[in-house]
Amino acid sequence: PTSSDKISVEEYLVDALKGSVSLGEPQNLASLAKTWRGGALDPKEQFDEADENEGVLLNEKLKPVDYEYREEVHWTKCHGSLGIGSFGEVYKIEDKQTGFQCAAKKVQVEHFHAEELTTCAALTSPSVVPLYGAVKEGPWVTIFMKLMEGGSLGQLIKQSGCLPEDRALSYLGQALEGLEYLHAQNILHGDVKAENVLLSDDGSRALLCDFGHSAHLHPDGLGKCLVTAGDSQGGKNLSELKRSLCANLFHFLFVTQIAKEPPPLREIPPSCNPLTAEIIKMGLEKEPVQRASASELKTKASVALEEVGGVTSPWKGEYREPR
Ligand SMILES: CN1C=C[C@@](O)(C#Cc2ccnc(-n3nc(C(N)=O)c4cc(F)ccc43)c2)C1=O
């Protein structure tokens, strides 16, 4: 066969997956998701697309029926939305056959980026929200994931006013763990903020979510932009992220608006542990070359947490007036 006759294994796989919903592997989902794109369709194509239903589910408690998985038919939303992600609303949903509940983000296909799935499909870190699969139904892409009953850190900060130092350090450390893991997989999250850190029902665990702005970093891409003095893994983009994460720590602690310029360090309260103050300064270092690596910041955050005596403040304690 000539080269034009040989189709890639991936094209062959995608051809087999098109038009149906099946229980499968992360790689299958990643390959199929790359074919989902919006764009001008002629009326005939629009009509055909309206009924289209295809996808790959990764959790056996989400059960397609006769190669279909449709809203209101096989799964249904439970009450209102949980929050708003990048280009989409997030809902608590229930599988009608198994009763299993999870979270689902609905994105219009013209706003869907395959990287939202290709970057997180095969991740297994305890600090990243697990993906349960994704399905295209007409002009919508629905992305299923683990339900995080504790809600987002952004919501907690709004409810609590500002966080006690022990909890801010614990959540920072876990978010840095997730970031460090993503970097080790050459993945750039691209939108690290309190709204994209989700909490377990008892508030003990914090996991990164929302890969709607993520990108695959090629190893040489990192090589070209090695600018931190930290471990060899650091990269300019990552150091930008770490800076925004430490700026977020400042936000977690003191609910300052994350200004374009680093928050005035003089506003770090004197009551704060010196190591916490050092972490904020290290992470907000303007010069990327001087900025600490994710690993260094993570290590310092866990030492600072030990120094403040671990997490002792109550989960969702009384309101604390932001500074
Ligand atoms: C693995 N994966 C798959 C899709 C993803 O890119 C996302 C997202 C996203 C964005 C904003 N918000 C939430 N969000 N999720 C939950 C939840 N899982 O319970 C949630 C709960 C809230 F209270 C508020 C926002 C929430 C989730 C991603 O990361």
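Structure's up top.
Residues numbered from 1 in each chain as written. Predicted model: local features only at pLDDT ≥ 70, side-chain atom pairs only at ≥ 80, totals over all residues. Heavy atoms only, no water.

Draft legend 1. Inspection of the site of the ligand at higher detail. As a matter of local geometry, the ligand sits amid 21 residues, with E116, K146, M148, D210 and F211 nearest to it. Take E116: an N or O atom from its side chain is 2.6 Å from an oxygen atom of the ligand. Within the contact set of the ligand, a nitrogen atom lies 2.8 Å away from a backbone nitrogen or oxygen of K146. Bound to the protein, the ligand loses 98% of the 610 Å² it would expose on its own. Looking at the shell around the ligand, the elements with two or more residues in it are β3 (75-85), β5 (101-108) and β7 (140-145). (Near = heavy atom within 4 Å. Polar contact = N/O pair within 3.5 Å; in protein donor to acceptor, adjacent residues only side chain to side chain. Areas by Shrake-Rupley, 256 points an atom, 1.4 Å probe, with all protein chains shown as cover. Helix = DSSP H or I, 4+ residues; strand = E, 2+ residues; numbered from the N terminus.)

Draft legend 2. Summary view of the environment of C78. Structurally, C78 is set in strand β3. Spatially, the C-alpha atom of C78 lies 13 Å from that of E149, the residues being 71 residues apart in sequence. Setting aside residues no more than four positions away along its own chain, C78 makes contact with K92, I93, E94 and Q101. (Contact = heavy atoms within 4.5 Å.)

Draft legend 3. Seen up close, the packing of helix α9 (residues 274-283) against helix α10 (residues 294-307). Packing of α9 against α10 leaves a shortest axis separation of 9 Å and a crossing angle of 160 degrees. With respect to α10, the axis of α9 lies roughly antiparallel. The interaxial crossing formed by α9 with α10 has left-handed handedness. Contacts between α9 and α10 involve L275, T276, E278, I279, M282 and G283 from the first element and L297, K300, A301, V303, A304 and E307 from the second. Of the residues that constitute the contact of α9 with α10, the class distribution is seven nonpolar, two polar and three charged. (Axes fitted to C-alpha atoms, helices over the stretch in contact; angles between N-to-C directions. Parallel < 35°, antiparallel > 145°, perpendicular 65-115°, else oblique. Left-handed = near helix turned anticlockwise from the far one by under 90°. Nonpolar A, V, L, I, M, F, W, Y, C, P; charged D, E, K, R; others polar.)

Draft legend 4. Highlighting the packing of aromatic side chains. If you walk through the whole model with that rule in mind, you get four aromatic pairs. When the ring of W75 is compared with that of F144, the centres are 5.5 Å apart and the planes differ by 90 degrees; the resulting orientation is edge-to-face. Residue W75 is located in strand β3, and its partner F144 is located in strand β7; the two are separated by 69 residues in the primary sequence. Like F144, W75 is buried. Taking 5.9 Å as the distance between ring centres and 50 degrees as the angle between the ring planes, the aromatic pair formed by F100 and Y132 counts as tilted. Here F100 is found in the loop between β4 (88-95) and β5, whereas its partner Y132 is found in strand β6 (residues 131-137), with 32 residues between them in sequence. Summarising the burial analysis for this pair, F100 and Y132 share the class buried. Aromatic rings pair up to connect Y69, W75 and F144 into one cluster. (Phe/Tyr/Trp six-rings, centres within 6.5 Å; stacked < 30°, edge-to-face > 60°. Buried < 20%, exposed > 50% of the residue type's maximum accessible area, 1.4 Å probe, protein only.)

Draft legend 5. Layout of the state of the cysteines. Here the structure, examined in full by the defined rule, presents zero disulfides. Here C120 is not cross-linked by a disulfide; its sulfur's nearest cysteine counterpart is in C209, at 10 Å. C162 takes part in no disulfide bond, and the closest cysteine sulfur to it belongs to C272, at a distance of 11 Å. (Disulfide = S-S within 2.5 Å.)

Draft legend 6. Molecular detail of the packing of helix α1 (residues 9-17) against helix α2 (residues 26-33). One can describe the packing of α1 onto α2 by two numbers: an axis separation of 9 Å at closest approach and a directional angle of 90 degrees. With respect to their mutual orientation, α1 and α2 come out roughly perpendicular. Residues E10, L13, V14 and L17 of α1 form the contact with α2, whose participating residues are Q27, N28, S31 and L32. For the contact of α1 with α2, the per-class residue count stands at four nonpolar, three polar and one charged.

Draft legend 7. Molecular detail of the pattern of salt bridges. Going through the model one piece at a time under the given rule, you end up with 13 salt bridges. Taking the shortest distance from any N to any O, the salt bridge between E71 and K106 comes out at 2.7 Å. One end of the pair, E71, is in the loop between β2 (53-57) and β3; the other, K106, is in strand β5, and 35 residues separate them in sequence. Take E71 and K106: they sit in the same class, and that class is buried. Taking the shortest distance from any N to any O, the salt bridge between K193 and D191 comes out at 3.6 Å. Several salt bridges share partner residues, and in doing so they unite D51, E68, R70 and E137 into one network. (Salt bridge = Lys/Arg side-chain N within 4 Å of Asp/Glu carboxyl O.)

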